[in-house]
Structures are given as C-alpha cells and as structure tokens.
Amino acid sequence: MIYQPIHALADAYRRGDLTPPAVAEAYLARIDAVDGRVGAYLTVVREQALAAARESERRWRTGTPLGPLDGAPIALKDVLCTRGVRTTCGSKILEGFVPPYDATVVERLRAAGAVILGKTNLDEFAMGSSTEHSAFHPTRNPWDLTRVPGGSSGGSAAAVAAGIAAGGFGSDTGGSIRQPAAFCGVVGLKPTYGRVSRYGLVALASSLDQIGPFAQDLTDAAHLLGVIAGHDRRDATSIQAPVPDYVAELARGVAGLTLGLPDEYFIDGMDPDVERAVRAAIEVLKSLGARVESVSLPTTKHSLAAYYVILPAEASSNLARYDGVKFGLRVPARDIVEMESRTRAAGFGAEVKRRIMLGTYALSAGYYDAYYGKAQSVRTLVRREFAAAFARVDLIVAPTTPNVAFKLGEKEDPLSMYLNDVFTIPGNLAGIPGVSVPCGFSVSGLPIGLQLLGRPLDEARVLRAAYAYEQATSWRTRHPELP
Amino acid sequence: MTEPGRISRRPLPDRAGLTDPAPTTYDVVIGLEVHAQLLTRSKMFCGCPTTFGAAPNSQTCPVCQGMPGVLPVVNRKAVELAIRTALAFGCRVNPACRFARKHYYYPDMPKNYQISQYEEPLAEDGHLEIDIDGAPRTIGIQRLHLEEDVGKLVHEGSLETAQASLVDFNRSGVPLMETVSKPDLRSPEEAATYLKAFRSVLLFLGVCDGNMEEGSLRCDANVSLRPRGSTTLGTKVEIKNLNSFRNVQRALEFEVRRQAQALDAGERIRQETRLWDADRGYTRSMRSKEYAHDYRYFPEPDLVPLRIDPRWVDEIRAGLPELPRARRQRFVAQYGLPAYDADVLTQSRALGDYYEAVLREPAASAGADRPKIVSNWVMSELLRVLPGDDERAIETSPIPPHHLAGLLRLIDDGTISGRIAKDVFQKMFDSREDAPTIVGREGLTQVADATALGGIVDSVMAANPKAIEDFRRGKTAAKKSLFGQVMKATGGKANPMLVDRLLEDKLSKIQR
Ligand SMILES: [Zn+2]
C-alpha cells in the first residue's frame, strides 16, 4: 500500500481492499523504520492520525466518504498552524508554540477526511533551499542520504518520495515547493498567488507565499489542490473565483497548446543532465501535439536581486512579533528590551538573522526607494513580461532548477544557495501558478524536474499539460531504495 | 484671555525652573493629531468585540493577539465611519487607499508593527470651522486615516518599581481614526477650542463616544514658535499624552512658554517628543530626533488596496446629519436664542434633538418666547440631572421630550406654578411618570379659587399684625413677606398672580 497514490487508496477503500486505519498504521510503521535516516518529520501525531483514520473507515464503510481525500495519509509542512499540535517553523523561537487554531488549508483538509500524520521539517521560517537550516535537524534526500532534499519544504517532499506520506503540503515563496519536488522526484505545485488561503500559514514573505501540494502523481495533485483552493474571507488577498474541477480537466491533453520556451532558463553552468532531460521532455510534449515557441523573459536575470530585497523586507516585518512576550521562546532578562533582544538572539538561526538585517536595512528611511521601491518596479516588469509572453503562449516550459540535489554542507555560501531558485523565483514575483513534474534522472541517479508555468488562475491547464507528460512517461513508477 | 498668536506673560510654575521671559513676541504654530476610537461593534481587522472594561484578554482572538499565521480583514463599518467623518470635514475621500505597516517594538503591540495608513490615506484636505472670540476661523485638516489600536500594559505596582508587567490585548485592534490638522492653530486656547469642536462633530456623527478619560479620544500636538511675522517654521516639538481639554491647553501653554524662554535665551529648540505630566504641570523630554523611531513603513502586503466606491461615498454623504456649527447658527436664527443657549443646546446631537423635539410638541399657548422658555428648562433643569454631552444619557432620558412639553403645558394653563413645576420635574425624573399623573396624584394643582384663597389671605393678614403695621408705614417689602406666607400656607400651590391681586386689593383697603 506504500507508494499507492491517494486516488488509488480511495479506490481501494471503496472496494474494501484496504482500510484507512490499516494504511495509517502502515505509514506510521514505515515512519518509525525510515524517518530516522530521512528526518522528514518534526512531529508525528500518531494517536490523532489513527483516530482520524478510524473515523474515515466508518465513513467508507457506511458509504459516506467525504471525497477522494478521505483516509489519505498526508504530511504538513510545519508552517501550517494546527490546533493543539505544535507548529515550530523549524525554529527554536517557536519550539513550544501550540496554535489555538487551524489554518484554513488544514481545516479544509480535515473536512475532506484527510489523515494528518504529522508536521514536516523545513529550513527555519522557510528561509532556505536545502532543509539543512532547520533548528532541529536536517532532512536528507531519500534518493541519496548524503544529499539535500531541497527546500524549504524539504520535509514534505522527502516524506512523499520516501513513502512516509501519500501526499504533502508545503509553501512556496521562491520555489520552496517546486525545487524540493524536483530534487525528490515528486510532483510539486505552486498555485496562483491568492488561489489558496494563506490564513494560518506562518508568513515568510506575505506577497510571495503560497501553499501548494506535493503528490505522487498529477491526479493526486489535482485532487489536493481542489480541496484547498478557493476564496477565504479570512484572507483578504485570496481570490474570489470559482474553483474548476481540476481532475476532470486533466485528460484534455496538450494537443493544440502552445508552450513557450524561455531562452533565459537555459543558462551557462547548469547541469548538462538537467538540460538534456528537460529538452527531452519538451520533445515528448511536442510528440503529444504541443507546439513550442521561443519566448523572451529578459528581466529573469534581475528577479533574484529583486526577490532578495522583497523577501527579507517582508520577512523582517513578519518576524518582528517573535519577541518572547506572547508565545514561543522567552529568554528572561532584567528588562523588556534585553528580554526581547536575548530571545531573538537565542531563538533565530544565522540565516534568519541575516535576512532580518537585510530586510530592516531595505525598509529604512532613506533606503526604501533605492531597495524596496526599486525591487517592486522589477517585480512589475517581471509580471508584464510574463503577461506579454502569455499573450502568445499557453504555458511556459523550463527546468525547475539548474542542478540536481546537492550534498549536505555543499553550499555554505548563501549566494550560491540563493542561485538555486533562479528558475522558480520569477513565478513567485509574477504570482503565477507553476508545477514541477519528474522528467528523468541524472547519470548519478538523482531526480530532475520539469517546470510548467501558466497564466494566473490557469492551474487547470498547467496540471493538464503536466499530466499528459506524466502519462506518456513512467518516471513516477521509480522509487528510492530505502532499506 | 490670551490674544491669539501672542504669549501670555504670566510667571511659570516654579517647579519647571523657568523664569519670566524677556519681552520678545513669537507666533505660535500648533497642529493637532487626534486619535478617535470608532464606534464599531467589532475590531478593525477581526471579529472581536470592542466593549470597554471587560476582563483582561477576554476580547481577543489569534488575529488581535498577532499570533503566527493570522491575517487581517478590514472592518467595513470602520471604513464607513471614517468616510462619514471625512465628509463632515469636507475632505476628499480618495478613490483608493492603502494600509501600511508601521514598525516599532513595544510589548503592548502584538505584531510589533501597527497596521496604519501612510502614503495613501483614506481622505485628505478638509477643514473645521471654529469660533474664536465670536469670530470664525478655518482650521485645515491635512489627512484622515484608519489604523488599529494597541493593547495595554498593566504594571504590578508603579512603572518605576514594577517587577512584572502584564499585557491586556482587549484594546488591541480596536479601530482608530487619526485626523491630522494643518499647523493652523495659533494659540493653546485655539487648540483647545478646535479639539472641543472636533469632538462635538464626532459626537454628532455618532462615530466616537468622545470619552477622553477612557481614551476613546486622544490628542498629540505639534508646537513650534517663530519670531512674530516670520514665515519660516520653527523647529517643532511633539507633545504627547494630552488626555483632556484642560490638559491640551495647559500643556501647550507650558510648552509655548518653555520654547519662548529658550529662544529668548538664545538656545535652539531641539526637535523631540515630549510627554505632558499633568500632575506636575510640565512637559518632559521623551526622545530626541536622533532617537526617533524609523518606522520602516511599507504597504501592508496582507491587505489589497481599498477601493472606495463613489456611490457608497454619495450614500454616506446623503446620510450626514446637521453638524454642530450649522445647528448652532440655525438655533440662533430660527428660534432667536442667545448664542450661549445655542452653544449649550448643541453640545451633543441628542441634546439638540431633544430640544427641538420638545418644541415640536403641542403647547398651551405658543408665545414668541417659547423657544427661550424651553431652552431655560432644558439648560437649568434637564442638564442639572443629565450630562448634556452624553448622547446616550440624553437619548434615554427618564423624562422624554413629550413629558417635558406636558409639564410646560401645565404651567401655561395655570394648573401648576413654575415653582411646583420644578418639584414635579424631579419627580418625573425619579419615577419616569408624566406630569399630569404626578400632579393629579399628589394634589399639586394650583389653587386658583379666589374665595378659598381670599380666606387664606385674610387669616395670614390677621396673624401678621406687624407686617400690616409695617406696610401702613410705607414699607412695601412687607407685602412680599405676606405673599411668601400665603404661598407657604398653600404649600406653594396658590396661583401667584391671584395671590398678588388679592393682597393688593386687601392691603389697598388698609389705610396708610
Ligand atoms: Zn480579535
């Protein structure tokens, strides 16, 4: 039952071949067996999961399941607030934080009958691309335990790849879903900004963050998105637009679609294995009836710089609330100022401090226009460029990352780490949806991801093209050999 | 009274250590920032109630506690009330405005930033007309914006000695409207007058309860001085913690003199924030410009720009009530009231409404002096028992307008005397009954029977030979004394005019 997609589990529940408690037990047992080496989870909620699975079993037995997710064992990145279950954001400062409420996404998942297995690891406050910078422990890539799973949602990606969750959720601010999905050989979807409510997602950069699913295949991704998408009156930035039936749209194929191939996404220094796999994938799409055109997105090269102003600026503001006064860590001191500064000094890791300082500087009087203001102008240009490209093409196809998973400790210089997100960041700046779908392996056996980007709210077409590719290939049937 | 724009030369309170300044004159330039809590049922960005005085932290939720992961949602009612106010001040309501984050660390502020408005406020460029010594003055209003209030720190013991502080977030997230005046105020007295007029407008609009003690209305001031006639602005000092009209005026008077003396002594004014200490009667430095906060404003990414539908603005405009100044002028013009009466009667919307409601009730004889008579009753009797500036107290008065009108009818038709009427008024207030009920039950009907009264007059005269003797000797005051005795003998119920006529008759028959 491990490595069965969620939709296959639902079929098995319906037929009575499997029961949710049996599946949950199997996953929990495998977590015990495997996660000591992978380190995907920060918290496992065994009893809650089994209780939810029993409820689910009752519904399946009485023929009243809540939908295809009923009884699906899933993992949540530890930035999604879960009522009564600690939510750490991978940080010492929130080690003891137990939210009194569920994020909207969590609420919707529970209402759909999903069985939450636990909370997964991440780079502290989602700042990073390797899940090495968790305050608790690094997560390892199930395909090669000496390598990183990507990040910041590396825990959820690794959990799905390692068969210790049937599906998972992460947040994508600059590629934090798509990049680990590519590194771990699973499907990862970043929806349009505003498609999914951010209420209860602990904010990194509010104008960039978006919650999305990790899945074993595109059908699951469509199911998972369908449950969490839609307007939420608790999130003023969530979009009021009807949610299409993503699953029903999947089978429409790519014939007649025009795919744009941006020159700027094939750069010097990228891994030749990645380029080869992506170009081969494009040939597959062509063979399925898609037309491919070259498009130009020249502002791509400025995206990284703009991103590393906007993100730290917003993060410095969002993280101001962690001061030891109300929740999380408190380091006692003689007075309030000292308490706050000691708490923050002890509670935040180096990368978080670096970004808080960068962001504080970028927002300072006298520097605002030169940094934050300028970065927002770049963002506008990026958005316009995508809009112009999407006037001609239906989708943009590109590699998800320039490289395959790197070794733990390999990228100690923050800048080389930041470069990892060069292909995913523009999608966040523009707020458009993007998916990473497995498209092969490097000669050393590491997964490679193909990225498909679409127009705002056009997730259906993004998923449908990725599904066509997935169905024409068999990458999803390979799994890491975890003892 | 201080002449606008000039500094009074009264000596200063000695504790401040300031001496009388040298005779230089300065123009005073004052601008006020007023924060008003809006009368919404729920908070600015969450659904928590805004009731004052509840148990600490009982009116909170993850949003107003700034928990990780929460998001703000704008309270439409707060926007409506702010637009209402903006229109009353003749402001331009911007078609779109934005919220911005204002950062500073303070433990009563859960997110360590406040959601406010910065570059794109809700409304701009309005004015408020005030009357200074009977002459109208127009004070410009620069901007009006919305923001959220912060929580409250409760110290165990005094601030200096407390071992611990507790935070109450009940107030955190309560909608605040900040209105910044232009630096058009020219004296502390003008500033106080502006604030009173401002508060009165808010009360009329029903957007704020105006309670300064409870902090529903708070005021900060910017003060600078410049040599008389100069056009360049002096260095401005911000004064905080002005929590009453009196404190506004006192603090500004102190600050103006402090600055004048510093300038006279050849010192430069430091740009700084000073705190008014009402107990000690002086302002003291809180932080200088070098330590001024860099608030690192940036547009609130959790909220989309607020687009204001012009049709909504029109609807709100159509529902605006008559404002205090217009009503005051109308009361003088329409009812012939003295300016003083008009002032008193328009101190709140409810009081003016009450007054006019009494006037609309039927009267026994509608003389030209009726508006003034009603005004007298409202001012001297109603306001003796109820605070005129408390909208709710007036609206829920135990004596509704038609009861007061009923009482006045009993005076007009001679049923009761004016003196008895005052007692009846108090009884009406205590029992909520109408005047005829009380007068009927307690037999307070005026004695207007000449035969019955004649007998009483006779017996009073017979019992007071000395008064008669005095009268005979030409002491007319003796008549007054006899009048009082008759009234007393009738328990005040005698028709005073009839008593007077009877006395006159009977005394005239006595030989002088
Ligand atoms: Zn609340």
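Look a little higher up for the structure.
Residues numbered from 1 in each chain as written. Chains lettered and ligands numbered in written order. Predicted model: local features only at pLDDT ≥ 70, side-chain atom pairs only at ≥ 80, totals over all residues. Heavy atoms only, no water.

Draft legend 1. Fine view of the sheet that holds strand 8 (residues 291–295) of chain A. Residues and elements named next belong to chain A. Spatially, eleven strands are ordered 1-3-2-4-6-5-10-11-9-7-8 in an open sheet, and the strand pairing comes out mixed. Strand pairing shows two members of the sheet lacking a second neighbour, strand 1 (41–44) and strand 8, which therefore form its edges. Shown here is a sheet whose adjacent strand axes are inclined to one another by a mean of 30 degrees, direction ignored. Against the sheet, helix 9 (residues 272–287) touches strand 7 (258–262), strand 8, strand 9 (395–399), strand 10 (434–441) and strand 11 (447–454), its axis set at about 55 degrees to strand 11. (Pairing = 2+ DSSP bridges. Helix = DSSP H or I, 4+ residues; strand = E, 2+ residues; numbered from the N terminus. Axes fitted to C-alpha atoms, helices over the stretch in contact; angles between N-to-C directions. Contact = heavy atoms within 4.5 Å.)

Draft legend 2. Quick peek at the state of the cysteines. Residue and element names in this part refer to chain B. Counting across every chain of the model gives zero disulfides over all chains. Lacking any disulfide linkage, cysteine 91 is separated from the closest cysteine sulfur, that of cysteine 97, by 13 Å. Note on cysteine 219: no disulfide assigned, nearest cysteine sulfur contributed by cysteine 208 at a separation of 12 Å. (Disulfide = S-S within 2.5 Å.)

Draft legend 3. Structural view of the side chain of A:Thr120. Residue and element names in this part refer to chain A. With respect to the secondary-structure elements, threonine 120 resides in strand 3 (residues 115–120). Exposure remark for threonine 120: the relative accessible area of 0% places this residue in the buried category. A polar contact is formed between the side chain of threonine 120 and the backbone nitrogen of lysine 77, at a distance of 3.3 Å. Those residues in contact with threonine 120 that sit more than four places away from it in its chain are Ala40, Tyr41, Leu42, Ala75, Leu76, Lys77, Asp78, Gly155 and Ser156. (Buried < 20%, exposed > 50% of the residue type's maximum accessible area, 1.4 Å probe, protein only. Polar contact = N/O pair within 3.5 Å; in protein donor to acceptor, adjacent residues only side chain to side chain.)

Draft legend 4. Expanded view of the packing of helix 7 (residues 218–228) of chain A against helix 16 (residues 459–472) of chain A. Residue and element names in this part refer to chain A. Their axes nearest at 9 Å, the elements helix 7 and helix 16 cross at an angle of 160 degrees. Relative to helix 16, helix 7 is oriented roughly antiparallel. Between helix 7 and helix 16 the crossing geometry is left-handed. Side by side, helix 7 and helix 16 meet where Leu218, Thr219, Ala221, Ala222 and Leu225 of the first sit next to Glu459, Leu463, Ala466, Tyr467 and Glu470 of the second. Taken together, the residues that form the contact of helix 7 with helix 16 break down as seven nonpolar, one polar and two charged. (Parallel < 35°, antiparallel > 145°, perpendicular 65-115°, else oblique. Left-handed = near helix turned anticlockwise from the far one by under 90°. Nonpolar A, V, L, I, M, F, W, Y, C, P; charged D, E, K, R; others polar.)

Draft legend 5. Spotlight on the coordination of the zinc ion. Residue and element names in this part refer to chain B. The protein atoms that coordinate the zinc ion are Cys46 (SG), Cys48 (SG), Cys61 (SG) and Cys64 (SG), at distances spanning 2.3 to 2.4 Å. The site at the zinc ion holds four donor atoms, and with the angles between them running 100 to 116 degrees, its shape is tetrahedral. Each donor residue of the zinc ion belongs to the same chain, with the gaps between them written as C-x1-C-x12-C-x2-C. For cysteine 64, a relative accessible area of 5% translates into the label buried. (Donors = N, O, S within 2.8 Å, 3.2 Å for Na, K, Ca; no water. Tetrahedral: all angles 85-135°; square planar, octahedral: opposite > 155°, others 65-115°.)

All we've got here are geometric facts, nothing functional implied.
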